[in-house]
Amino acid sequence: MVNEKYVKRHTKGFVYLHWINAICFFMLFLTALPLYADTFGFLYQIFGAKTLQYGHRFFAVLFVLNPIIGLITAREGIWRMFSEIFKFNGKDITFLIKFPLELIGKHPDMPKQGFYNGGERMNIAFQLAAWAVLVVSGALLWFGDGFIDNSIRAWMIPVHSLCAAISFAGAIGHIYLAVVVNPDSVHGMQDGTVKMDYASAHHGEWIEELEREEEHRDTQEGKEALEF
Ligand code: HEM
């Protein structure tokens, strides 16, 4: 309902998909850290190298299965993410140009945003691409021995590592924007609803869309009642 205090934004299935993905992402990062820097060698001492290796593989399988299961349990949210990437337009560019001003506490006149804003659309496109690169390069490292040329397989190490590092930086930026800049958005990743005033201020076009749908439904119901 559009004029209630909270408005439904994400389904429970999508919320679970998001958190399982976030946990897998950080566990994959943590279990691989000692491979890159001796500073994290203490993880080997605490857990043992084998446990970290098996842990990395366990979370890798979950990282792959999660969105596949999500195609059934969170298809609405997944479909919305895919369709939103292709809606990137001039308004999103204006939003992104003015966004740094918001970060330093100013209130620039922003164009109304849809379900996702320009930054979120970029994050979605980036995370989806990073997921695919991590999964393909990881699978070739795990299973590629004997299937593909070793010189190609050797390239998968820097590709996998670089992609993990860039995704990690992206995830930190994403968390900062959610928790520090827009803490009201986090409610949407708890029970799926966000405050109405937050939604109107940050996703005005989406709220207008919901209002139009509601009006249309009311008119239809009115017509049906009259015909009856
Ligand atoms: C403590 C960690 C995290 C917090 C607090 C958090 C918070 C959020 C919130 C509040 C949203 C909903 C935004 C909206 O409704 O407009 C969201 C969406 C999303 N999150 Fe996270 N997230 C976290 C970790 C991650 C990680 C690790 C990834 C990926 C590796 C990720 C990927 C996404 C994507 C792709 C979306 C959908 C679009 C977007 O808002 O950018 N999140 N997250």
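Peer 1: It is not clear to me how the state of the cysteines should be interpreted in this structure. Could you clarify?
Peer 2: By the definition in use, this model includes zero disulfides. Between C24, a free cysteine, and C163, which holds the nearest cysteine sulfur, the sulfur-to-sulfur gap is 16 Å. Overall, C24 belongs to the buried group, its relative accessible area being 1%. The class for C163 is buried, based on a relative accessible area of 12%.

Peer 1: Help me understand the coordination of the iron atom of the ligand in this model?
Peer 2: Geometrically, a metal with four donors at the corners of a regular tetrahedron has ideal angles of 109.5 degrees, and one with six donors at the corners of a regular octahedron has ideal angles of 90 or 180 degrees. Within the protein, the atoms that donate to the iron atom of the ligand are H18 (NE2) and H174 (NE2), at distances of 2.0 Å. One can describe the site at the iron atom of the ligand as octahedral: its six donor atoms subtend angles covering 87 to 179° at the metal. Taken as a pair, H18 in helix α1 (residues 12-36) and H174 in helix α7 (residues 150-181) lie far apart in primary sequence, 156 residues in all. Judged by its relative accessible area of 35%, H174 is partly exposed.

Peer 1: Explanation requested: the site of the ligand in the structure shown.
Peer 2: Taken together, 21 residues sit near the ligand, with R9, H10, H18, E120 and H174 positioned nearest. Taking R9, its side chain carries an N or O atom lying 2.8 Å from an oxygen atom of the ligand. In this structure, an oxygen atom belonging to the ligand sits 2.7 Å away from a side-chain N or O atom of H10. Looking at the shell around the ligand, the elements that each hand over two or more residues are α1, α6 (118-143), α7 and α8 (183-186). Here the shell around the ligand takes six residues from α1, the largest share from any one element. Of the residues that constitute the shell around the ligand, the class distribution is twelve nonpolar, seven polar and two charged.

Peer 1: Please clarify how the packing of α1 against helix α3 (residues 49-73) should be interpreted in this entry.
Peer 2: Packed helix pairs are specified by the crossing angle of their axes together with the interaxial distance, meaning the distance between the axes. Orientation of α1 relative to α3, taken along the N-to-C sense of each, is 160°, at an axis distance of 9 Å. If you check the angle between α1 and α3, you find them roughly antiparallel. Seen from above, α1 lies across α3 with left-handed handedness. Residue-level inspection shows G13, L17, I20, N21, C24, F25, M27, L28, T31, A32 and P34 of α1 in contact with α3, the latter providing L52, G55, H56, F59, A60, L62, F63, N66, P67, G70 and T73. Residue composition of the contact of α1 with α3, by class: 14 nonpolar, eight polar and no charged.

Peer 1: Mind showing me how you'd approach the environment of A154 here?
Peer 2: Along the chain, A154 falls in helix α7. Counting along the chain gives 13 residues from A154 to L141, while the straight-line C-alpha distance between them is 8.2 Å.

Peer 1: Just to check I follow, could you spell out the side chain of N182 for this structure?
Peer 2: Position of N182 among the secondary structure elements: in the loop between α7 and α8. Relative accessible area serves as the criterion here: at 15%, N182 is assigned to the buried category. Not counting chain neighbours up to four residues away, the residues in contact with N182 comprise L177, Y198 and H202.

Peer 1: How should the nonpolar core be read in this particular structure?
Peer 2: Soluble globular proteins: nonpolar side chains tend toward being buried together. By size, the foremost hydrophobic cluster in this structure holds 18 residues, and its most contacted members are V7, F14, Y116, A199, W206 and I207. Sorting the residues of this core by element identifies α1, α4 (75-85), α9 (196-202) and α10 (204-227) as the ones contributing at least two each. Leaving out residues up to four positions away in the same chain, F14 has contacts with A74, G77, I78, M81, Y116 and M189. Residues F25, F59, L134 and A164 belong to the second largest nonpolar core, which totals ten residues.

Peer 1: Honestly, the packing of aromatic side chains in this entry has me stumped. Any pointers?
Peer 2: Where two aromatic rings form a pair, the distance of their centres and the angle of their planes describe that pair. Scanning all chains against the criterion turns up ten aromatic pairs. Summarising the aromatic geometry, the rings of F25 and F26 are spaced 5.5 Å apart at their centres and angled 85° between planes, so their arrangement reads as edge-to-face. Its relative accessible area of 10% is what places F25 among the buried residues. Judged by its relative accessible area of 27%, F26 is partly exposed. When the ring of F95 is compared with that of F99, the centres are 5.3 Å apart and the planes differ by 25°; the resulting orientation is stacked. With F95 and F99 both in helix α5 (residues 90-103) and four residues apart, this pair spans about one turn of that helix. Grouping residues by exposure puts F95 and F99 together as buried. Taken together, the aromatic side chains of F25, F26, F29 and F168 make up a single cluster linked through ring pairs. Seen from the ring of F115, R80 lies directly overhead, with NZ or CZ sitting 3.8 Å from the centre.

Reading the values: rules and limits
- Residues numbered from 1 in each chain as written.
- Predicted model: local features only at pLDDT ≥ 70, side-chain atom pairs only at ≥ 80, totals over all residues.
- Heavy atoms only, no water.
- Disulfide = S-S within 2.5 Å.
- Buried < 20%, exposed > 50% of the residue type's maximum accessible area, 1.4 Å probe, protein only.
- Donors = N, O, S within 2.8 Å, 3.2 Å for Na, K, Ca; no water.
- Tetrahedral: all angles 85-135°; square planar, octahedral: opposite > 155°, others 65-115°.
- Helix = DSSP H or I, 4+ residues; strand = E, 2+ residues; numbered from the N terminus.
- Near = heavy atom within 4 Å.
- Polar contact = N/O pair within 3.5 Å; in protein donor to acceptor, adjacent residues only side chain to side chain.
- Nonpolar A, V, L, I, M, F, W, Y, C, P; charged D, E, K, R; others polar.
- Axes fitted to C-alpha atoms, helices over the stretch in contact; angles between N-to-C directions.
- Parallel < 35°, antiparallel > 145°, perpendicular 65-115°, else oblique.
- Left-handed = near helix turned anticlockwise from the far one by under 90°.
- Contact = heavy atoms within 4.5 Å.
- Core = buried A, V, L, I, M, F, W, Y, C linked by side-chain atoms within 4.5 Å.
- Phe/Tyr/Trp six-rings, centres within 6.5 Å; stacked < 30°, edge-to-face > 60°.
- Lys NZ or Arg CZ within 6 Å of the ring centre and 35° of its normal.

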